[in-house]
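# Topology and contacts: notes
Below, each chain spelled out in residue letters.
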Amino acid sequence: MTMDRKKQTALYVVADLMATALAWTLFFIFRKVYLEPLKFHHPVEVHLDHRYFQGLVAIPIFWVLLFVAFGGYTDIFRRFRTKELEQTALIAFIGSIIIFFALLLDDTLATPAYYYYNFGVLFGLNFLLLFAFRFVLTSRTVRRVHDRRFGFNTLLVGGNERAFAIHQEIEGLPKSPGNRFVGFVSVNGCDHHLEEAGLPLLGRWDQLRKLIPQYQVEEAIIAVESSEHAHISKILSELDGTPVRIKIIPDMYDILAGSVKMTSIFGAPLIEVNPRIMPAWQFSLKRAFDILFSALALVVLSPVLLLIALMVKLSSPGPVFFTQERIGKYGRPFRIIKFRTMHTDAERNGPQLSSRTDPRITRVGRWLRRTRMDELPQFWNVLVGDMSLVGPRPERQYFIDRIMQVAPHYRHLHKVRPGITSWGQVKFGYAENVDQMVRRLKYDILYIENMSLGVDLKILAYTVLIILRGAGK
């Protein structure tokens, strides 16, 4: 599956490179044949000079980066032709504007009207060629999905009559929507209609998090009665923080209320729990900002980092840095790095949270925590992709297990990369016990539900104020 995705992505990249290289060539010839004779009042020889070859290298790479930024290579097997048309038109328009203002605006032309011709031809060539190449690839992918040569590993949650009906409906469609059923999980212990139909029972609903990686599940269809809200809520909580697409079988009321959005005329009517938190281009911009800011911070703050390292080393015996396993996006563990603020034997009695008056904190460590300076080495975690500048604070599995007993919706935080700072950290500060962790949780969930670049900038601004005031809790 992974190799197929890489191969398909490579095909799209090559197609985009070829399309934009051809568009640049035709645009260069158009200017030589049509625009420059109007400017110089005589025919101009079509000569492919160094500017053409420079553009032939740089321009296609620019377009590929633009497609990366706008999510043009995400969900590579779930693309459809109308989406391709909309996305390609938008990207071609934005890219053409950037190229026009960067390379063509200072041209001296016969009349101002020819600026519009310039832009129109540039946009038209890039859009038509990009869409033509992508249309061919996407059509090929759609055919493979419809013919069941390719599909997405799908798990049915529930084995009742509704699950049996949706399984039969999807399997009986002449053109498959892409669901490849690997099995089902039981919800109430007695729903075995699907098992009788030959679909294997893989376990219970509360084993979903273990079954998803085991069977490489990409989609989950929840097939329980809508009246069983308690079950639906628990199942959604169990699936939260996983990369699985979640769909629910609707009632007629859901359809009449407009909850069911049709994404394919060939698929069964299902409600998809929207996995998109931010548009793809905002995620790309957020990650690019994370990388640039973190790299710059590590370079600019290197004297400060060295000074703090010296202070930590002289303040108490032990290493300068403190590393610890934390849980990140999709529940994946990573090692967070901080300046050590406690004595080396601080947790000899097991995992413990700290407080304002915690005797385990060193004198320098107390100042570092108040000013948040102990978090500075985490710019490295951001740079390598474990964390983001802004996101929910990562916790240890030990405390996550305890939080989950009180607030199962904590898994919602694993949808995104954890951050150096967060809305919960700004509003609440360091938590001193599990109860405070749960209270801080609502701020982090609020952040995720309202996630945007603007909100990130506000949180960063508040964090800077806390550092300057030394008001960190």
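Residues numbered from 1 in each chain as written. Predicted model: local features only at pLDDT ≥ 70, side-chain atom pairs only at ≥ 80, totals over all residues. Heavy atoms only, no water.

Moving on, we come to the packing of aromatic side chains. Inspection of the entire model under this criterion finds 22 aromatic pairs. Geometrically, the ring pair formed by tryptophan 24 and phenylalanine 27 is tilted, given 6.4 Å between the ring centres and 40° between the ring planes. Placement of both tryptophan 24 and phenylalanine 27 in helix α1 (residues 2-40) is noted, with a separation of three residues, approximately one turn of the helix. On the basis of relative accessibility, which here comes to 12%, the residue tryptophan 24 falls in the buried class. Ring pairs connect the aromatic residues Phe93, Phe100, Phe101, Phe119, Phe123, Phe127, Phe131 and Phe135, which therefore count as one cluster. (Phe/Tyr/Trp six-rings, centres within 6.5 Å; stacked < 30°, edge-to-face > 60°. Helix = DSSP H or I, 4+ residues; strand = E, 2+ residues; numbered from the N terminus. Buried < 20%, exposed > 50% of the residue type's maximum accessible area, 1.4 Å probe, protein only.)

Okay, helix α14 (residues 397-406) next. Those residues of α14 that sit buried are Phe399, Ile400, Ile403 and Met404. An end-on view of α14 places all buried positions within 140° of arc, on one side of the element. Where α14 is buried, its residues contact β7 (321-327) and α16 (434-449). (Arc of directions from axis to C-beta. Contact = heavy atoms within 4.5 Å.)

Another point: the nonpolar core. The biggest cluster of nonpolar side chains holds 39 residues, and the ones touching the most others in it are Phe339 and Tyr410. Among the secondary structure elements, those contributing two or more residues to this core are α11 (302-315), β8 (333-339), α12 (363-371), α13 (378-383), β9 (388-390), α14, α16 and α17 (453-469). Counting residues per element, this core draws most heavily on α16, at six residues. Residues Ala23, Phe67, Phe70 and Phe152 belong to the second largest nonpolar core, which totals 28 residues. (Core = buried A, V, L, I, M, F, W, Y, C linked by side-chain atoms within 4.5 Å.)

The next subject is the pattern of salt bridges. Under the defined criterion, the tally for this structure stands at 14 salt bridges. A salt bridge links aspartate 147 to arginine 149; the nearest nitrogen and oxygen atoms lie 3.3 Å apart. Across the pair glutamate 219 and lysine 247 runs a salt bridge whose closest N-O atoms are separated by 3.5 Å. Of this pair, glutamate 219 sits in strand β4 (residues 219-222) while lysine 247 sits in strand β5 (residues 245-248); the two residues are 28 residues apart in sequence, bridging distant segments of the chain. Through salt bridges with shared partners, a single ionic network connects Asp16, Arg79, Glu84 and Arg134. (Salt bridge = Lys/Arg side-chain N within 4 Å of Asp/Glu carboxyl O.)

Moving on, we get to the packing of α14 against α16. In the contact formed by α14 and α16, the axes pass within 10 Å of each other and the chain directions differ by 70°. In terms of their interaxial angle, α14 and α16 are classed as roughly perpendicular. Both α14 and α16 take part in a crossing whose hand is right-handed. Between α14 and α16, the contacting residues are Phe399, Arg402, Ile403 and Val406 on the first element and Val434, Met437 and Val438 on the second. (Axes fitted to C-alpha atoms, helices over the stretch in contact; angles between N-to-C directions. Parallel < 35°, antiparallel > 145°, perpendicular 65-115°, else oblique. Left-handed = near helix turned anticlockwise from the far one by under 90°.)

Looking now at helix α10 (residues 280-300). A rise of 1.5 Å per residue sets the reference length of α10, with its 21 residues, at 30 Å; its end C-alpha atoms lie 30 Å apart and thus fit the reference within 8%. The set of residues buried in α10 consists of Ala280, Gln282, Lys286, Arg287, Asp290, Ser294 and Ala297. For α10, the buried positions fall inside an angular range of 160° around the axis, keeping them on one side. Among the exposed residues of α10, those oriented more than 90 degrees off its buried face are Leu292, Leu296, Val299 and Val300. The inward-facing, buried residues of α10 contact α2 (50-69), α11, α13, β9, α16 and α17. (Expected span 1.5 Å × (residues − 1).)

Coordinates in, geometry out; function isn't part of it.
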